[in-house]
Structure formats: structure tokens, C-alpha cells
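Examination of the molecular architecture
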Amino acid sequence: MGMQSSNAPRGAGDGPERPAGNQDDRGAPSRDVTYEDPWYDPLAAGWGELDGTGLPTPAVPAAHGESGPVAVPARDVYVEVQRSAAFQEVRGSYRRFVVPGAVGFLVWYVGYVVTATTVPGLMARPVAGAVNVGMVAGLGQFLTTFLLTWAYARHARLRRDRAALELRWDTQELARGARGGAP
């Protein structure tokens, strides 16, 4: 994920967008889709600017003979995407990397702490000069943190980012009704 600068005033678009009349209506279907894309900057795209009166400029009306986008309940869009094979593959790829990586790192960390507290003589053994086993293992903790972070970023870039980006675009299309609610 990249960072994006925006000239929008703070407070404008800082949180999730929800329709005003649907705040406590968790069980009822949404009246319309209000999908807020965190990477989209309306001011940079030329939309969302204020007219001379301080109100947002009106949206461009649909061309003659075109109907507006079909309103699709947001929860239907996300349930459809979640059930898709592409989403399950991205999720499975994430889990296949993260679960073993997290378990391995936690075992290594807990092993270091348990060894340091139960066998202090082993950790105090000199390796080279004033450097002992405990210091080498402690520095190894930092090294494995950096290596795991690098491996995670590489795995995400090579195996998940493209598929996740395609899912994001598909979700936006569905949420905007571009396909008429079809997958």
C-alpha cells in the first residue's frame, strides 16, 4: 500500500462513510451503496470541489437515454466477493504464509525467553570476547524480525497484491452497479 497526500482539510473523509439514515439499521438492507475508496482522492481527481457558495459542485448528470447506476445493497456485493474463488485464493495464500510464519516466530521468541530464564548458564557462555550466547540470540531476534518482514512484503508483492487489486476493482464495479449486480 502506498501513501497518498491530499490537500483535503482534515476531517473530510477521515472515517468510513455511512448513509445518515442507516446508522443503527444493521439488519435492514442498505438503500444505496456508499463505498468509500481509501485510495481515491476526489480533490485530486477534480471532483468534490466547492462551488462559489461553499457547497459541493453538482455531479455530472447521466447522458440522454442512460439510466443511473443500479443500486446494489453493499452487503450483497461484499458477500458475493467473499464467496468468490479469487477471494478465497487470496485469503488462502495469506494464511499459508502468515500462520506458519507467526507460529515459527512465536516459538523462536518464547524459546529465547524460556531459555534465558531457565538456563541462564547457557545464555552466559561466551562466544567471542564479551559477546555471549544470550546476546547473539537477542540480536537474532532482531534479525529474524527484519527477515520475516522482508519475506512477508515479498510474498505479498509476488503472490497476493495483483489478485487483491483485481478483487478491489471488481468490488468497486459491483458496488457502483457497473455490471448491474452480476458477477
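What counts and what doesn't
- Residues numbered from 1 in each chain as written.
- Predicted model: local features only at pLDDT ≥ 70, side-chain atom pairs only at ≥ 80, totals over all residues.
- Heavy atoms only, no water.
- Axes fitted to C-alpha atoms, helices over the stretch in contact; angles between N-to-C directions.
- Helix = DSSP H or I, 4+ residues; strand = E, 2+ residues; numbered from the N terminus.
- Parallel < 35°, antiparallel > 145°, perpendicular 65-115°, else oblique.
- Nonpolar A, V, L, I, M, F, W, Y, C, P; charged D, E, K, R; others polar.
- Patch = residues over 30% accessible without salt bridge, like charges linked within 9 Å, V, L, I, M, F, W, Y side chains within 5 Å.
- Areas by Shrake-Rupley, 256 points an atom, 1.4 Å probe, with all protein chains shown as cover.
- Salt bridge = Lys/Arg side-chain N within 4 Å of Asp/Glu carboxyl O.
- Core = buried A, V, L, I, M, F, W, Y, C linked by side-chain atoms within 4.5 Å.
- Buried < 20%, exposed > 50% of the residue type's maximum accessible area, 1.4 Å probe, protein only.
- pLDDT = per-residue confidence, 0-100.
- Contact = heavy atoms within 4.5 Å.
- Phe/Tyr/Trp six-rings, centres within 6.5 Å; stacked < 30°, edge-to-face > 60°.
- Lys NZ or Arg CZ within 6 Å of the ring centre and 35° of its normal.

A word on the packing of helix α3 (residues 85–118) against helix α5 (residues 133–176)
Two quantities define a packed helix pair, namely the angle between the helix axes and the distance between the axes. Where α3 contacts α5, the two axes come as close as 10 Å, and the packing angle between them is 175°. In terms of orientation, α3 lies roughly antiparallel with respect to α5. When grouped by side-chain class, the residues that make up the contact of α3 with α5 number 17 nonpolar, nine polar and two charged.

Some thoughts on a nonpolar patch on the surface
Taken together, the side chains of Y109, V110, V113 and V114 define a hydrophobic patch exposed on the protein surface, amounting to about 320 Å² of accessible area. Here Y109 shows up in helix α3.

What about the nonpolar core?
Formed by V77, V81, V90, L167, L174 and A175, the largest nonpolar core amounts to six residues. Taken together, the elements giving at least two residues each to this core come down to α2 (74–83) and α5. The biggest single contributor to this core is α5, with three residues.

Details of the confidence of the model for the protein chain
Of all residues in the protein chain, 57% have pLDDT values of 70 or greater, and the mean over the chain is 74. Scored below 50 in pLDDT, residues 1–19 shows 19 contacts in the model against residues more than four places distant or in partner chains.

A few points about the packing of aromatic side chains
All told, the structure shown has two aromatic pairs when counted by the stated rule. With a centroid separation of 6.5 Å and an interplanar angle of 80°, the aromatic rings of Y94 and Y152 are classed as edge-to-face. With Y94 in helix α3 and Y152 in helix α5, this residue pair connects regions lying 58 residues apart in the sequence. Residue class for Y94 comes out partly exposed when judged on its relative accessible area of 36%. Relative to Y152, the ring of F97 has its centre 6.0 Å away and its plane inclined at 50°; by these criteria the two rings are tilted. Residue F97 is found in helix α3, and its partner Y152 is found in helix α5; the two are separated by 55 residues along the sequence. Ring pairing ties together the aromatic residues Y94, F97 and Y152, which thus form one cluster. The aromatic ring of W169 is capped on one face by R168, whose charged end is 4.9 Å from the ring centroid.

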